[in-house]
Amino acid sequence: MTVRRTIFFCLLSLLTVSCSRNAILDQMVAGKKLKPQEYAVLPENDKVRYKDVILRVPAQWGGAILPFDKGPYESPIDKTVHGGDLQTLMGLYNQSLFELQNPRVKVEYINFDMWTDNFRSALAVALSAKKAPAYYIARDLPLTIEQGMYADITELMKKWDQFKMQPEGSIREGTVNGHIYTIAANELGATVIRYRKDWFREAGIFNEFGEPGPRSDWTWDDYREYAKRITNVAKNRHGTAADDAGSLFYTESNGLDFYIPDPTGQHDWIFNDKDPRMLDALKSVREMINNDKSVTYSTTMGWYERHNEFDSGRVGMISSFSPHIARDSITSPTKMGKDTVYRDTVGMAPPPRGKNGYIPLHPITNPIGFDPTLSKEQLEAAFEWCKSWFYGDNFLNRMRSAVLEAKLKGQQSEVYVEYLILPYTPKENLLDKPMEAVFPKDYLSTYKALREAHSPPLPRQFGLREPAPAEFSKAVHALFADAITTQTDVKELLAKHANLINTNIFRFGGKENRDKMRLYIQERTDFYKKYQPTFYEKDWKHRIETYYKVATN
Amino acid sequence: MPEPTPKTQGIGYKTLMAWLFTAPGLIAQLVFGWLPVLFSFVVSFQKYYFIKEPEFVGAKNFQDVAIDPLVITAFKNTLYFASLSIGLTFLLPIFVSILLMEMSRRTIRIMMILWFVPVASTAGITIWKYMYHPNLGLMNGILRGLGLHELKWLDDPNLAMFSLILPGIILFGPGLIYIAALQNVPEELYEAAEMEGASMLRKIWFITLPRLRPIIAMMLLFSIIGSMQVFELPFIMTGGGPGYATTTVVMYIYSLAFGGYNLGKATALAIVLFGVIMALVLIQRRFFPENIDETPKRA
Amino acid sequence: MPLITQVGRKRFKVRLLLVAIASFLWLGVLLHLFPVAWMISASMKPTTEIFNEPFRIMPKEPTFSSYKLLATTINPAGQALNVDVFRYPLFVYLANSLKIAFMTVLIQLPITAMAAYAVSKLHSKRTARWLFFFFMGTLMIPGQIAIVPRFLLLSHFPWPTRHVPNFPFTDYLMPSFSFIGTYWGVLLPAAFNAFNFLLFKGFFDTLPTELIEAARMDGASELMTLRSIMLPLARPVVAVTGYFTFTGAWNDFLGPWIILMSEQGKWPLSVAMYKLQWVLTNWQPSQGAMDPAVQALISSGVGYNALMALAVVESIPIFIAFMIFREQLMKGIQIAGLKG
């Protein structure tokens, strides 16, 4: 017995000693905030142990992953070095730089697919399997916020010096009940119209600069008219290509809401099938296809195919995302044909306004949310990383290398696009010539309008629940698809789909939210009074009386 | 006379080996076959949250399913698809197989090999999606070439469902399982019928089809279950559109569960679908039993 | 042969009928081969030809550019010039598909065959009947009913609940594994297949019991009996089930799509195929949100030609599998078919 006991105690003491030895070593490095110069002189083993804040960065956003195969080279890293893959090397350089600036942080680049069509379950799965990156694109707002998929970053945001530079729209998107959950990435943009300048010249349509294109204050009626004028069936040219999303323009340009407060007060919202302009929207889309014949249409025609139709010269006007137009003019100047100049062929115009002067420009950047399971240190590190990536050292390093690389390859560098669409103020200006020398007037004027535009308040700021965005937009698309592909009476269609949406999506809320609802409507009224006075006078005043009454009892 | 070795002796050993052989399959079937099915009844009474614990909500999920107009649309679409696909494509392989047996052995071999040149399933669906493309697709190209009116195929709500079935009609072919069964029909029966001067149709009706009956009944069963659960075909071809014209029940279950993360309602709908399929299977077994002795009644 | 007797084949009317039947059948063969030919032809067209001369049967300037486009490696920070399907070169998806298909066959066939052998030959009549219903019962239950619970089960195996339970009276969680985003999540649910079980059992039932008795007399263990006597006899059935399991696993879309959704490096070809066609057709970016890899894809000018190239690549391995198993298949079907 005693022998056994002795052995046991010996082992135990050995164990204790070995543990405490590690603990002593750990205390020397861990928990103490080292400066970069102190970190740099640590022995390698301690360096490894000191890095205890893991930051998982999605490689497609602010990172780079070494190539898959080594090809004919010795190793993947050899391939990047000798193959001249500066982008990847810059990613590694930035990784190393950031780790030196923040000695405790260890950056890991991972692949994470955040663009699937069922983003919510993909993210839920990744989070519960602990495979999610530290930050990711925030989609399906505000539902994903309510479900707790992002960390609350209100404190970090308030300390940030560039907080005010974020587009209003992005802040509104990611704010629920006064708490901020998202930050804006560095790509300011909006849904705008991409059009063929040469076709507009042929049709004799010129903007305020005397160049071919629509005026910046054009209306929905102009849009329809222009689409008809540039259509040439003999040449296989159509005014516009519509999938069911493209046809939402009418409602957007009139500032129509798809849902309004429930007048009975039973639930929070109901589908807005009462407004006669909703009927007009459906009719007008149908007429464009059937009477004007200015639209080439298919339900399977998505974003990509719409752009393909445009690029291959069969369609003259499509809805597009502003940064892509600017970027294409730099990266693929001969996209529209070998003998054409992109910036003289492809134009950018803000979306058409409504009759009552509503300005439908909603500038936004990809909102980014953070993993809610991160520790405090990890969250801070992720936030720092984002700053560096958006406009700090990471950004500047990438831009410098892009300028050099472009010069070597004899191309126009992308730095102009990045600066054009940047919402933040970078530490350094790397441009060697003015924007006017690179981009045509319509791009610059659209971006000027974008920076000046204001986004209306959203219900989520007041603690009101909003419908799940993915399902709701799917339901609205189905309504438009039905309107376009069938000949059923639009009134009947609208009633059918309103019933469907009301039963499936809007069965929440109720009387307890009346006060919040009133506050929200008041805020919107103030907003329109201030920023869109014509629309307020001509439209909103009347609309509020008719459709936005909140039941009082 | 060799001595029986001790390890093969006794009932105990044999039973032990039997259970050892069965065990992996048993566990797999229990865990991944039966457990999810039983657990789906639990899920259907709960509301799932992302962070919080699930909440017991009673029959609310079933109530949601009952008042949802889309559920009715989805069931209508699914039944329409099932009846179209069974009505138009179920009988084809049987008759093609019977006809194929008339060819010489060599021809059968060549034809079978060409017929079963496989195309991967998602690839095959994508080819047809390309064929149906309104501007670039071959279907409209053929119609244009023939000087006919072009069709909207997948963009026409009235035509979309038929467009999903059409490849099955155009690509008609024999069924492997029918050919196997046909080879086992004794030739003497046909010879005897020939003596009596029976026509070809009568031979098919009175000899071939009764022999195929159990196989046909089984295939019909699988066909009903399969076509009621159709997912990939409309999911890839149309995504459920235009509007909701091709949204099937399983697609709706999928979008509830993995698009909207509404797991409770999705499972409740799955159980309703299960009930409907079981009812259809019972009807099928009632009116089309596998019994080989019962001769089919004259039409 | 059976319907029209050899004797009567000389008559003109009968000959006409035979020619009619033959041409009908050949038409079916041609119609069946046509989409395959169209797929190959379209995959070799340059993008401009896809758009400008969509109905040409033979490509005017055949090119392998779309295959090259799919195969090149990409730097994920994505310059427009070197782009692959999404973030991985084609061979990664191909390897994944092969991995999944082969592993499914390797796991499923032995488990199913052993269970079928035991039920057919080893268990007592009573047990065998119960086991038969246990194994076959799920075949009658539509598989889709269990999509959600199976997903929950795999996300924290072995607990089918949303959350892992604690040890009773403590704060410690019970151990659990997440199979989501791993190959096991796809392979494990396919470990047993009721349909193959039916085929195997049907075959083992036809073998005389004396064969096994004789082997036992010779002192062979049960495993040896199965391996060296039963399986060689069952070769055609193994070929049929093996081929169908392989193609089934290769073609499976919903399983890998749900399980491997966010792990692009593990996607099989079927998922990559779905994803590419989805981007090319139905896809709508949500407000401003845009995958950089897709941006690069768009700049590279991918069209239906690349999609068809991917379809060709996806079809080749199962074509090879078919050619290998062809002889065995033709034999095996005769044996396996009727016993269903």
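Residues numbered from 1 in each chain as written. Chains lettered and ligands numbered in written order. Predicted model: local features only at pLDDT ≥ 70, side-chain atom pairs only at ≥ 80, totals over all residues. Heavy atoms only, no water.

Here's the deal with the overall build of chain C
1) Next: The secondary structure content of chain C amounts to 15 helices and 0 strands.
2) Next: Per-residue burial over chain C gives 59% buried out of 340 residues.
3) Next: Sequence-distant contacts in chain C: of pairs separated by 6 or more residues, those separated by 24 or more amount to 63%.
4) Next: Element-wise, carbon and sulfur atoms account for 69% of the exposed surface of chain C, whose accessible area totals about 13,900 Å². (Helix = DSSP H or I, 4+ residues; strand = E, 2+ residues; numbered from the N terminus. Buried < 20%, exposed > 50% of the residue type's maximum accessible area, 1.4 Å probe, protein only. Contact = heavy atoms within 4.5 Å. Areas by Shrake-Rupley, 256 points an atom, 1.4 Å probe, with all protein chains shown as cover.)

Comments concerning the overall build of chain B
1) Next: On a plain count of helices and strands, chain B comes out with 14 helices and 2 strands.
2) Next: In chain B, which comprises 299 residues, the share counted as buried stands at 54%.
3) Next: Counting contacts in chain B only where the partners sit at least 6 residues apart, residues at least 24 apart contribute 65% of the total.
4) Next: As presented, chain B carries roughly 13,200 Å² of accessible surface, and 68% of it is formed by carbon and sulfur atoms.

A closer look at the packing of helix α10 (residues 187-195) of chain B against helix α11 (residues 200-228) of chain B
Residues and elements named next belong to chain B.
1) Next: Between α10 and α11, the least distance of the axes is 11 Å, while the angle of their chain directions is 165°. By the angle class used here, α10 and α11 are roughly antiparallel. The chirality of how α10 crosses α11 is right-handed. When α10 is examined against α11, the residues Leu-189, Tyr-190, Ala-193 and Glu-194 are found in contact with a partner set consisting of Lys-203, Ile-207, Thr-208 and Arg-211.
2) Next: For the contact of α10 with α11, the per-class residue count stands at 4 nonpolar, 1 polar and 3 charged. (Axes fitted to C-alpha atoms, helices over the stretch in contact; angles between N-to-C directions. Parallel < 35°, antiparallel > 145°, perpendicular 65-115°, else oblique. Left-handed = near helix turned anticlockwise from the far one by under 90°. Nonpolar A, V, L, I, M, F, W, Y, C, P; charged D, E, K, R; others polar.)

As for the confidence of the model for chain C
Residues and elements named next belong to chain C.
1) Next: Here chain C averages 79 in pLDDT, and 83% of its residues register 70 or above.
2) Next: This stretch, residues 74-85, has a pLDDT under 50; its non-local contacts, to residues over four places away or in other chains, come to 35 contacts.
3) Next: This stretch, residues 335-340, has a pLDDT under 50; its non-local contacts, to residues over four places away or in other chains, come to 14 contacts. (pLDDT = per-residue confidence, 0-100.)

Some points on the interface of chain C and chain B
1) Next: Contacts between the two partners involve 108 residues from chain C and, on the opposite side, 113 residues from chain B.
2) Next: Across the chain C to chain B interface the summed buried area is about 10,200 Å²; carbon plus sulfur atoms make up 76%.
3) Next: Linking chain C with chain B are 0 salt bridges.
4) Next: Here the side of chain C that touches chain B gets 18 residues from one element, more than from any other, and that element is helix α1 (residues 12-43) of chain C. (Buried area = accessible area lost by both parts, 1.4 Å probe. Salt bridge = Lys/Arg side-chain N within 4 Å of Asp/Glu carboxyl O.)

Description of the sheet that holds strand β6 (residues 182-184) of chain A
Residue and element names in this part refer to chain A.
1) Next: A sheet is described by the order of its strands in space; here 3 strands give the open sequence β3-β14-β6, paired in antiparallel fashion. Only two strands of the sheet have a single partner each, and these edge strands are β3 (135-137) and β6. In this sheet, adjacent strand axes meet at a mean angle of 35° when their direction is disregarded.
2) Next: Packed on one face of the sheet, helix α17 (residues 376-390) meets β3, β6 and β14 (367-370) and runs near 155° to β14. (Pairing = 2+ DSSP bridges.)

Remarks on the sheet that holds strand β7 (residues 191-196) of chain A
Residues and elements named next belong to chain A.
1) Next: A sheet is described by the order of its strands in space; here 5 strands give the open sequence β11-β8-β12-β7-β13, paired in mixed fashion. If you trace the sheet from one side to the other, it starts and ends with β11 (295-297) and β13 (346-349), each paired once. The average angle at which neighbouring strand axes cross in this sheet is 30°, direction not considered.
2) Next: Sheet topology note: the strand β8 (residues 238-242)/strand β12 (residues 315-321) ladder contains 2 bridges and is parallel. Within β12, the residue paired with Thr-240 across the bridge is Met-317.
3) Next: Each of β7 and β13 touches helix α20 (residues 441-452); the most contacted strand, β13, lies at about 20° to it.

Description of the confidence of the model for chain B
Residues and elements named next belong to chain B.
1) Next: Counting all residues, the mean pLDDT for chain B is 83, and 92% of those residues have values of 70 or more.
2) Next: Model confidence for chain B, summarised as mean pLDDT per element, is weakest for α10 at 77 and strongest for helix α3 (residues 69-89) at 92.
3) Next: Contacts of residues 1-8 to residues separated by more than four positions or lying in other chains number 9 contacts, the stretch itself having pLDDT below 50.
4) Next: Note that residues 292-299 has pLDDT below 50 and, in this model, 11 contacts with residues that lie over four places away or in other chains.

Some points on the packing of aromatic side chains
Any pair of aromatic rings gets described here by the distance separating the centres and the angle formed by the planes.
1) Next: Counted according to the given criterion, the structure contains 72 aromatic pairs over all chains.
2) Next: Pairing Tyr-243 of chain C with Phe-322 of chain C gives two aromatic rings, centres 6.1 Å apart and planes at 55°, and the pair type is tilted. Linking Tyr-243 of chain C in helix α11 (residues 235-251) with Phe-322 of chain C in helix α15 (residues 304-338), this pair joins segments that are 79 residues apart in sequence.
3) Next: Look at Tyr-243 of chain C and you get buried, because its relative accessible area is 7%.
4) Next: Among the aromatic residues, those joined into a cluster by ring pairs are Phe-258, Tyr-259, Trp-269, Phe-271, Phe-462, Phe-472, Phe-506, Phe-508 and Tyr-520 of chain A. (Phe/Tyr/Trp six-rings, centres within 6.5 Å; stacked < 30°, edge-to-face > 60°.)

Here's the deal with unusual backbone geometry
All names here are of chain A.
1) Next: With an omega dihedral of 0°, the bond running from Leu-141 to Pro-142 counts as a cis peptide bond.
2) Next: Its location among the elements puts Pro-142 in the loop between β3 and α7 (143-146).
3) Next: Despite not being glycine, Asp-140 shows a phi value in the positive range, around 55°.
4) Next: With respect to the element layout, Asp-140 can be found in the loop between β3 and α7.
5) Next: In this structure Asp-140 comes out as buried when scored by relative accessible area, which is 15%.

Things to note about the packing of helix α13 (residues 276-292) of chain A against helix α21 (residues 469-485) of chain A
Residues and elements named next belong to chain A.
1) Next: As a packed pair, α13 and α21 sit with axes 9 Å apart at the nearest point and diverge in direction by 45°. Here α13 is positioned oblique relative to α21, judged by the angle of their axes. α21 is crossed by α13, and the crossing has right-handed handedness. Contacts from Leu-282, Val-285, Arg-286 and Ile-289 of α13 reach α21 at Leu-479, Phe-480, Asp-482, Ala-483 and Ile-484.
2) Next: Here the contact of α13 with α21 is built from residues that sort into 7 nonpolar, no polar and 2 charged.

Brief notes about the side chain of Asn-140 of chain B
Residues and elements named next belong to chain B.
1) Next: Topologically, Asn-140 is positioned in helix α7 (residues 138-145).
2) Next: Looking at Asn-140, its side chain comes within polar contact range of the main-chain oxygen of Leu-151, at 3.1 Å.
3) Next: Excluding anything up to four places from it in sequence, Asn-140 contacts Met-131, His-133, Pro-134, Glu-150, Leu-151 and Trp-153. (Polar contact = N/O pair within 3.5 Å; in protein donor to acceptor, adjacent residues only side chain to side chain.)

What to know about the pattern of salt bridges
Residue and element names in this part refer to chain A.
1) Next: On inspection of all chains with the given rule, the structure shows 39 salt bridges over all chains.
2) Next: The salt bridge involving Arg-172 is made with Glu-168; its shortest N-O contact spans 3.0 Å. Note that Arg-172 and Glu-168 are positioned in helix α9 (residues 168-173) at a spacing of 4 residues, about one turn of the helix.
3) Next: The exposure class of Arg-172 is buried, given its relative accessible area of 12%.
4) Next: By relative accessible area, Glu-168 is classed as partly exposed at 27%.
5) Next: Between Arg-524 and Asp-257 there is a salt bridge; the shortest N-O distance is 2.7 Å. Residue Arg-524 is found in helix α23 (residues 514-531), and its partner Asp-257 is found in the loop between α12 (249-253) and β9 (259-261); the two are separated by 267 residues along the sequence.

Topic: a nonpolar patch on the surface
1) Next: Together, Leu-66, Ile-77 and Val-81 of chain A line one region of the surface with nonpolar side chains, adding up to about 220 Å² of accessible area.
2) Next: Summarising the element assignment, Val-81 of chain A is placed in helix α4 (residues 76-82). (Patch = residues over 30% accessible without salt bridge, like charges linked within 9 Å, V, L, I, M, F, W, Y side chains within 5 Å.)

A word on the environment of Gly-255 of chain C
Residues and elements named next belong to chain C.
1) Next: Structurally, Gly-255 is set in helix α12 (residues 254-259).
2) Next: Gly-255 sits in the partly exposed class, given a relative accessible area of 26%.
3) Next: Between the C-alpha atoms of Gly-255 and Phe-151, which are 104 residues apart in sequence, the distance is 9.4 Å.

Comments concerning the environment of Gly-181 of chain C
1) Next: Counting through the fold element by element, Gly-181 of chain C comes out in the loop between α6 (147-155) and α7 (183-187).
2) Next: Overall, the relative accessible area of 4% leaves Gly-181 of chain C in the buried class.
3) Next: Each C-alpha atom of the pair Gly-181 of chain C and Ile-259 of chain C lies 5.6 Å from the other, and the pair is 78 residues apart in sequence.
4) Next: Apart from residues no more than four positions distant in its own chain, Gly-181 of chain C is found in contact with Lys-131 of chain A together with Ile-259, Leu-260, Glu-263 and Lys-266 of chain C.

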